[in-house]
Amino acid sequence: MSTQLNSGKKKANTINPVKVTTQTVVDMKRKGEVISMLTAYDFTMAKLVDAANVDIILVGDSAGNVMAGHETTLPMTLDHMIYHTSCVVRGVDRALVVADLPFMSYQVTTKEALISAGRMMKEAGAHAIKVEGGKPIVETVKRIVDAGIPVMGHLGLTPQSIYKFGTYKVRATEELEADELVKDAHRLEKAGCFAVVLEKIPSKLSALVTKELSIPTIGIGAGPQCDGQVLVLHDMLGLNKDFHPRFLRRYADLYTGIVDAVGNYVADVKSRDFPNENEQYK
Ligand code: KIV
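Fair warning: this is a prediction, and the values are worked out from it, not measured in the lab.

(A) Focus on the site of the ligand. Taken together, T39, L58, G60, D61, S62, D100, K130, H154, V197, E199, I220 and V232 make up the full set of residues adjacent to the ligand. The separation between an oxygen atom of the ligand and a polar side-chain atom of S62 is 2.5 Å. Contact distances for the ligand include 2.9 Å between an oxygen atom and a side-chain N or O atom of K130. In the complex, 96% of the free accessible area of the ligand, which totals 260 Å², lies under the protein chains. At a threshold of 2 Å from the grid points, most atoms of the ligand map onto the second largest pocket. Along the lines of polarity and charge, the residues of the shell around the ligand split into four nonpolar, four polar and four charged.

Given below as structure tokens:
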């Protein structure tokens, strides 16, 4: 079942000191190696995720949901994203760090987009940036790539357009939208993207896009045939008890673990069990 806890499965965390680059992930597709990607937004979590050998850490604007408690990703600013990304970069030795450019930091003009991408690289130390959308941002992607900044695309359910969609339902189930998505994937590849996220689209469609592109596809709710998979860290660790989309597999129940631990601390403080003889200076 998709939302079951999977903490007991085998892990791939023998230390791998080789740094992941954008070229590494393109080569992984060529060699048929599957790419793992997870989000992180702070130093401590980034350090843990990197220690487990994830290939790409995405500083997603989902920070707006899981870190800031907003309903959508729209309120995130470039300054917020630069702050989160700089925290993550300080915790990472191996993974490729990709940072989301937030809503309205790249859609108005190509010049503004380039300035936003440049700030993300210079001030936060990101290794690459991610932008949402197809045809309308192709020229912008080209300009950013021409400036030497690697770009990851994002198609399908693009949360920055949630008010246009009106729903978080699966995208591109109709032929017209599916055809346009395939064209957009090609446009992004041609514009110079090194990878593209496919979010919440039918598996058959992501399989087709994955077959047609030479750059890797990284899926979230897009089926098993993508070149890689991504999840939001807080969701896969079971920190969000009330979020149960079909595509989410939970690998821990940290909600229960943390609430129990904090509850035990509160009880120990109240009963004066904590601190004990050995937990004080004499
Ligand atoms: O912001 C985010 O976390 C994302 C992933 C869901 C791909 O864009």
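Anyway, onward from the coordinates.
(B) Fine view of the packing of helix 8 (residues 175-191) against helix 9 (residues 203-212). Where helix 8 meets helix 9, the closest approach of the two axes is 10 Å, and the angle between their N-to-C directions is 30°. When the axes of helix 8 and helix 9 are compared, the pair comes out roughly parallel. Crossing of helix 8 against helix 9: the hand is right-handed. Counting all contacts with helix 8, which are made through A178, L181, V182, A185, H186 and E189, the residues of helix 9 involved are L205, L208, V209 and E212. Here the residues of the contact of helix 8 with helix 9 are counted per class, giving seven nonpolar, one polar and two charged.

(C) Focus on the side chain of D61. Within the secondary structure layout, D61 lies in the loop between strand 2 (56-59) and helix 3 (63-66). Buried charge without a partner: D61 forms no salt bridge, and the closest opposite charge is K130, 5.5 Å away.

(D) Structural view of the sheet that holds strand 7 (residues 217-220). As summarised here, the arrangement of the eight strands in space is 1-2-3-4-5-6-7-8, forming a closed barrel in which the pairing is parallel. Taking each pair of neighbouring strands and ignoring which way they run, the sheet shows an average axis angle of 25°. Seen against the sheet, helix 5 (residues 110-124) touches strand 3 (96-100) and strand 4 (128-130) and runs at an angle of roughly 135° to strand 4.

(E) Here's a closer look at the pairing of strand 3. Extensive coverage of strand 3 is indicated by the burial of five of its five residues. The alternating pattern of strand 3 places L96, V98 and D100 and V97 and A99 on opposite faces, both of which are buried. Of the pairings in the sheet, the one linking strand 2 to strand 3 comprises four bridges and is parallel in character. Following the sheet pairing, I57 is matched in strand 3 by V97. Sheet analysis places strand 3 next to strand 4, joined by three bridges and oriented parallel. Pairing of A99 across the sheet is with I129, part of strand 4.

(F) Expanded view of the nonpolar core. Formed by 59 residues in total, the largest nonpolar core has its most connected members in M120 and I129. In terms of residue count, the dominant contributor to this core is helix 8 (six residues). Once residues lying within four places of it in the same chain are set aside, the contact partners of M120 are L78, M81, I82, T85, A99, D100, L101, G125, A126 and I129. Counting 17 residues, the second-largest nonpolar core is a separate cluster that includes I56, A128, F194 and A195.

Thresholds, definitions, all that
Residues numbered from 1 in each chain as written. Predicted model: local features only at pLDDT ≥ 70, side-chain atom pairs only at ≥ 80, totals over all residues. Heavy atoms only, no water. Near = heavy atom within 4 Å. Polar contact = N/O pair within 3.5 Å; in protein donor to acceptor, adjacent residues only side chain to side chain. Areas by Shrake-Rupley, 256 points an atom, 1.4 Å probe, with all protein chains shown as cover. 1 Å grid on protein atoms, 1.4 Å probe; cavity = no way out; pocket = protein on both sides within 12 Å on 5 of 7 lines; lining within 4 Å. Sits in = over half its atoms within 2 Å of the grid points. Nonpolar A, V, L, I, M, F, W, Y, C, P; charged D, E, K, R; others polar. Axes fitted to C-alpha atoms, helices over the stretch in contact; angles between N-to-C directions. Helix = DSSP H or I, 4+ residues; strand = E, 2+ residues; numbered from the N terminus. Parallel < 35°, antiparallel > 145°, perpendicular 65-115°, else oblique. Left-handed = near helix turned anticlockwise from the far one by under 90°. Contact = heavy atoms within 4.5 Å. Buried < 20%, exposed > 50% of the residue type's maximum accessible area, 1.4 Å probe, protein only. Lys, Arg positive; Asp, Glu negative; His and termini not counted. Salt bridge = Lys/Arg side-chain N within 4 Å of Asp/Glu carboxyl O. Pairing = 2+ DSSP bridges. Core = buried A, V, L, I, M, F, W, Y, C linked by side-chain atoms within 4.5 Å.

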